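Listed below, chain by chain, are the residues.
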Amino acid sequence: MRLFAAVLPPERVIQELASVVRELEGMPGADGLRWTERPGWHFTLAFYGEVDEDVVPDLSERLARAARRAEPFPLALAGGGRFGDRALWVGASGETTALRLLADRTEAAGHKAGVDMGEHRRYKAHLTLARSRGRGADLRPYAVALDAFEGTTWTVGELCLVRSRLPRSGVPGEQPRYEAVGRWGLGAGS
């Protein structure tokens, strides 16, 4: 199974972001980008890649432990940026330190469960909105347009283990499908 740990924004936050994305999609050159769809709007905390099914119970137990050790915290979608000419993203405001700590714990859970995590990268809170179709895409105008964006604050109260199914049909523009295969409430009382 292709898995990752994530924080999923609530529907009202997704709807708010959708109206901002519609404006971005109307900007010049936007048709040259591959825009992610709503099911793909999440904060990936740790990417596990292909995980054998027999590892999932241990990984799930460790993620449940990580969730119990984290208290619920406020977060909002805010601002934006880009990873070079490859990806456009919206960022986060609020208790981003708590989000980073949760990301560290979910990465550690993967390591301890025996998942090959690759090299460690410092966590950067982002939700990917679009990817370039090739080299040379100028994502700066879109990132600048996101600078002033400040979404509604919500309380992050859940950690999810998500399965990603990559497109196999060959249909241009087809998006991955996502399915939460595990959910754990944050905090000792969960």
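Per chain, residue numbering runs from 1 following the sequence as it is written. Local features in this predicted model are restricted to residues whose pLDDT is 70 or higher, and side-chain atom pairs enter the listing and the counts only when it is 80 or higher, whereas totals over whole chains, interfaces and linings include all residues. As a convention, hydrogens and water are excluded, and side-chain values are obtained from all of the structure's heavy atoms.

## What to know about the layout of surface pockets
At step 1: The computed volume of the second largest pocket comes to approximately 220 Å³.
At step 2: Lining the second largest pocket are 14 residues; nearest its centre among them are Leu8, Pro9, Arg38, Pro39 and Trp41.
At step 3: For the purposes of this entry, the term helix denotes a DSSP run of H or I that reaches at least four residues, the term strand denotes a run of E that reaches at least two, and both are numbered from the N terminus. At 4 residues, the largest contribution of residues to the lining of the second largest pocket is made by strand 9 (residues 177-185).
At step 4: Ten residue types, Ala, Val, Leu, Ile, Met, Phe, Trp, Tyr, Cys and Pro, are classed as nonpolar, four, Asp, Glu, Lys and Arg, as charged, and the remainder, Gly among them, as polar. When its residues are assigned to classes, the lining of the second largest pocket shows 9 nonpolar, 1 polar and 4 charged. Buriedness for pockets is judged along seven lines, at least five of which must meet protein on both sides within 12 Å for an open set on the 1 Å grid over protein atoms alone, while cavities are sets there where a 1.4 Å probe fits but cannot get out, and lining residues have an atom within 4 Å of a point. Grid points are joined across faces, edges and corners, and a volume is the space filled by probe spheres set on the points.

## As for the sheet that holds strand 1 (residues 2-7)
At step 1: An order of 3-1-8-9 is seen for the 4 strands of this open sheet, with the pairing classed as antiparallel. In this open sheet, the two edge strands, each paired with only one partner strand, are strand 3 (43-50) and strand 9. Direction aside, the axes of adjacent strands within the sheet are offset by 20° on average.
At step 2: Where strand 8 (residues 158-165) lies against strand 9, 8 bridges are found, and the strand directions are antiparallel. The residue of strand 9 that forms the bridge with Ser164 is Tyr178. DSSP calls a pair of strands paired once it identifies at least 2 bridges connecting them. Axis angles are defined between N-to-C directions and span 0 to 180 degrees, where every axis is a line fitted to C-alpha atoms and, for a helix, only to the segment in contact.

## Section: the sheet that holds strand 5 (residues 87-94)
At step 1: If you walk across this open sheet you meet the 5 strands as 2-6-5-4-7, and the pairing is antiparallel. Two strands close off the open sheet at either side, each with one partner strand: strand 2 (33-35) and strand 7 (154-156). Neighbour to neighbour, the strand axes of the sheet diverge by 40° on average, direction disregarded.
At step 2: Bridging between strand 4 (residues 73-83) and strand 5 involves 8 bridges; their strand directions are antiparallel. Residue pairing in the sheet places Gly80 in a bridge with Val90 of strand 5.
At step 3: Contacts: residue pairs with any heavy atoms within 4.5 Å of one another. Packing against the sheet, helix 1 (residues 11-25) makes contact with strand 2, strand 4, strand 5, strand 6 (127-132) and strand 7, and its axis sits at approximately 25° to strand 6.

## Quick word on the confidence of the model for the chain
At step 1: Scored from 0 to 100, pLDDT reflects the predictor's confidence in each residue. Predicted confidence across the chain gives a mean pLDDT of 92, with 94% of residues reaching 70 or more.
At step 2: The weakest mean pLDDT in the chain belongs to strand 2 at 92; the strongest belongs to strand 7 at 98.

## Focus: the pattern of salt bridges
At step 1: What counts as a salt bridge is simple: a side-chain nitrogen of Lys or Arg found within 4 Å of a carboxyl oxygen of Asp or Glu. One pass over the full model with this rule turns up 6 salt bridges.
At step 2: Across the salt bridge formed by Arg140 and Asp138, the nearest N and O atoms sit 2.9 Å from each other.
At step 3: Residue classification places Arg140 among the partly exposed positions, given a relative accessible area of 47%.
At step 4: When accessible area is computed with a 1.4 Å probe and restricted to protein chains, residues below 20% of their type maximum are described as buried, those above 50% as exposed, and intermediate ones as partly exposed. What makes Asp138 partly exposed here is its relative accessible area of 38%.
At step 5: Note that Arg183 is salt-bridged to Glu158, the shortest N-O span being 2.7 Å. In this pair, Arg183 is assigned in strand 9 and Glu158 in strand 8, connecting sequence segments 25 residues apart.

## Concerning the pairing of strand 5
At step 1: Hairpin geometry of strand 4 and strand 5 is characterised by an intervening segment of 3 residues between the two adjacent antiparallel strands and by a positive phi of about 55° at Gly84.
At step 2: Looking at chain direction, strand 5 and strand 6 are connected through 4 bridges and run antiparallel. Note that in strand 6 the partner of Val90 across the bridge is Leu127.

## Considerations on the packing of helix 2 (residues 56-69) against helix 3 (residues 96-112)
At step 1: Packing of helix 2 against helix 3 leaves a shortest axis separation of 9 Å and a crossing angle of 155°. The angle between the axes of helix 2 and helix 3 places the two elements in the roughly antiparallel class. Considering only the axes of helix 2 and helix 3, their crossing is right-handed. Contacts between helix 2 and helix 3 involve Asp58, Leu59, Arg62, Leu63, Ala66 and Arg69 from the former and Leu102, Arg105, Thr106, Ala109, Gly110 and Lys112 from the latter.
At step 2: Taken together, the residues of the contact of helix 2 with helix 3 break down into 5 nonpolar, 2 polar and 5 charged. Any angle from 65 to 115 degrees is called roughly perpendicular, while one under 35 is roughly parallel, one over 145 is roughly antiparallel, and all others are oblique. Take the far helix as the reference: if the near one is turned anticlockwise from it by less than a right angle, the crossing is left-handed, and if turned clockwise, right-handed.

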